[in-house]
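# Descriptive analysis of the structure
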Amino acid sequence: MNGNRFGRLFQMTTFGESHGEAMGVTVSGCPAGLELEESDVQAELDRRKPGQSHITTSRGEPDAVSIKSGVQDGYTTGTPIGMVIENKDARSGKYEPFITAPRPSHGDFTYSAKFGTRNWGGGGRSSARETVNWVAAGAVAKKILATEDVEVRAHVNQIGDIEAPEVSWEELGEHTEENEVRCAHPETAAEMRDLIDEYQEAGDSIGGSVYFETRGVPRGLGAPRFDGVPSRLGQAFMSIPATTAFEFGLGKEAREVAGIDRNEDWEFDEDGDPVPVGNDHGGLQGGITTGEPIYGEITWHAPTSIPKEQTTVDWETGEEKQVQVIGRHDPVLPPRAVPVVEAMLACTILDFMLLGGRINPDRLDGQPGEYDTDYHPSQPE
C-alpha cells in the first residue's frame, strides 16, 4: 500500500489502523536543535482526541504519545523522530456484521476490492483515527515554524446552514478553544451546537467547514505548476477523511467576480518593496507566496456512520439487508478536524520553507560545522 508518506524534506510516514495495537508516525527532516518534549506533542493530540464532549465520539482514547527516537536530552538530533500512540479502547465486535456487507458510503468495499482483504475493525486504515499521526507530526512542525514567527490558526466557520461571520486573527486565537464546536464566534457557536444536537438526537449527522489562516509566511515560497503552494495544500487538505472541497482566497466566489474587481494593484510598502493592494488571492499568486496571510476553507460532508437504518448487500450470502451502524461516532467532523487542518497546514508550509532554504534543514542554530553547541550531550560528571 502506497500513499503513507507526505512531504518532500519535512516528511511524515505513518502506520496503524483504527482498532490495531497502535498508531505511529516517523518524522524525517526535522532539523537538530529544536527543544521538544512529549508534552509539546500531547497538547496538540489532546485537542484532537475523542471523548472531549457530547458532540464527539465517546471512544475513550487517552492518545498518549511516546517519543521513541530522534530526541536527546530534550533536543532533536536531526535523525528521524519516531512517535507511537497506543489504541486503548478499540471494540471491534459491532463491526462484524459489515465484514462482507459494506457500510453505505464508507471505504469498506473499495478497500476489499483493491486488496482482496482489509482490517475491518473500526474501518481499519481508512478510519479518521489515522489523523492522530498527522497531528503529532504537525506539533513538531508548529514548534519549528514558531522559531521563524510563523503561526497557523483555524476554526469552524460553518455547520449545516449556520455560518459564522468573518472573525479577526486575534479572535481566532482567543475564542476557538473556548467552546466545543471550536467556532471563534461564540454566538454562532451556540447556534451550531443546537443544530448538531438536533441531528444527533435524530440519529443523523451533518457536514460543515473549517476556515484556516497562517501569518508570517515569507514571500517567494513554492514553484509553478505541480509544486505550487496551493497545489500542495490541496493534496494536504483533501487527504483528510470526508473532505469534499478546498478553496483559498475568494475560492468559489471568484466565479462571480470580474477580472477588474479581483485584480489587485501594486503599491510600495514602507521599505520600498512592491506589495499587492488587498488579498483576495489568499496570499498566493502563480503558485508562490506573496508574503500576505494565506487563508481559505475546507468542507466536510456529514459523517457516514449513523444509526439510521440503511440498505447494504452481503457479497458472501448474496442477500440484501437492512443494517444499522451501531458504535461510537462523531455527529459532525469539523470541530475535531481543526487541529488536523492546522497540522497539515504547518507541515506543508514548513516543507516549503526547508525547500526554499529559509530554514537550514540540518540544524536550527545557524552554525553549520560547529560541534560544541548548547544542545550537544556532555560527558557525564
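Computed from a predicted model, the values in this text were never measured in an experiment.

When helices and strands are tallied, the protein shows 8 helices and 18 strands. Relative to a compact globule of 381 residues, whose C-alpha radius of gyration would be 21 Å, the protein shows 22 Å and is just as compact. In terms of its C-alpha atoms, the protein occupies a principal-axis envelope of roughly 70 × 65 × 40 Å. In the protein, buried positions account for 49% of the 381 residues. Here the analysis covers contacts within the protein between residues at least 6 apart in sequence; of these, 70% occur between residues at least 24 apart. Both charge centroids of the protein, one from 33 positive and one from 65 negative side chains, sit 8 Å from each other.

A word on the environment of F15. Inspection of the secondary structure puts F15 in strand β2 (residues 11-15). On the basis of relative accessible area, F15 is assigned to the partly exposed category, the value being 41%. The residues contacting F15, other than those within four sequence positions of it, are A22, M23, G24, V25, V84, R125 and N133.

Let us now look at unusual backbone geometry. One non-glycine residue, S105, lies in positive phi territory at about 65°. Relative to the assigned elements, S105 resides in the loop between β7 (81-86) and α2 (108-115). Phi is positive for R182, which is not a glycine, with a value near 60°. Assignment of secondary structure puts R182 in the loop between α4 (169-175) and α5 (186-201). Since its relative accessible area comes to 4%, R182 is described here as buried.

Within the open sheet, the 5 strands sit side by side as β1-β2-β3-β7-β4. Their pairing is antiparallel. At either margin of the open sheet sits one strand with a lone partner, and together these are β1 (5-6) and β4 (65-69). Both β2 and strand β3 (residues 22-28) contribute to a ladder of 5 bridges, which runs antiparallel. Among the inter-strand pairings, F15 is bridged to a residue of β3, identified as G24.

Conventions we followed
Here the residue numbering is sequential within each chain, running from 1 through the sequence in written order. Local features in this predicted model are restricted to residues whose pLDDT is 70 or higher, and side-chain atom pairs enter the listing and the counts only when it is 80 or higher, whereas totals over whole chains, interfaces and linings include all residues. With hydrogens and water stripped out, all remaining heavy atoms of the structure feed into the side-chain values. Only DSSP runs of H or I with at least four residues qualify as helices, and only runs of E with at least two residues qualify as strands; both kinds are numbered from the N terminus onward. Both definitions apply: the radius of gyration is a C-alpha atom measure, and the globule rule equals 2.2 Å times residues to the power 0.38. Each residue is assigned to one of three classes by its accessible area relative to the maximum for its type, calculated with a 1.4 Å probe on protein chains only: buried under 20%, partly exposed between the two thresholds, exposed over 50%. In this analysis, two residues are considered to be in contact whenever any of their non-hydrogen atoms come within 4.5 Å of each other. Positive charges come from Lys and Arg alone, negative charges from Asp and Glu alone, with His and the N- and C-terminal ends not counted. Note that the charge is assigned to NZ on lysines, CZ on arginines, CG on aspartates and CD on glutamates. Following DSSP output, two strands are said to pair if at least two bridges run between them.

Everything listed here is a matter of geometry and, on its own, says nothing about what the molecule does.
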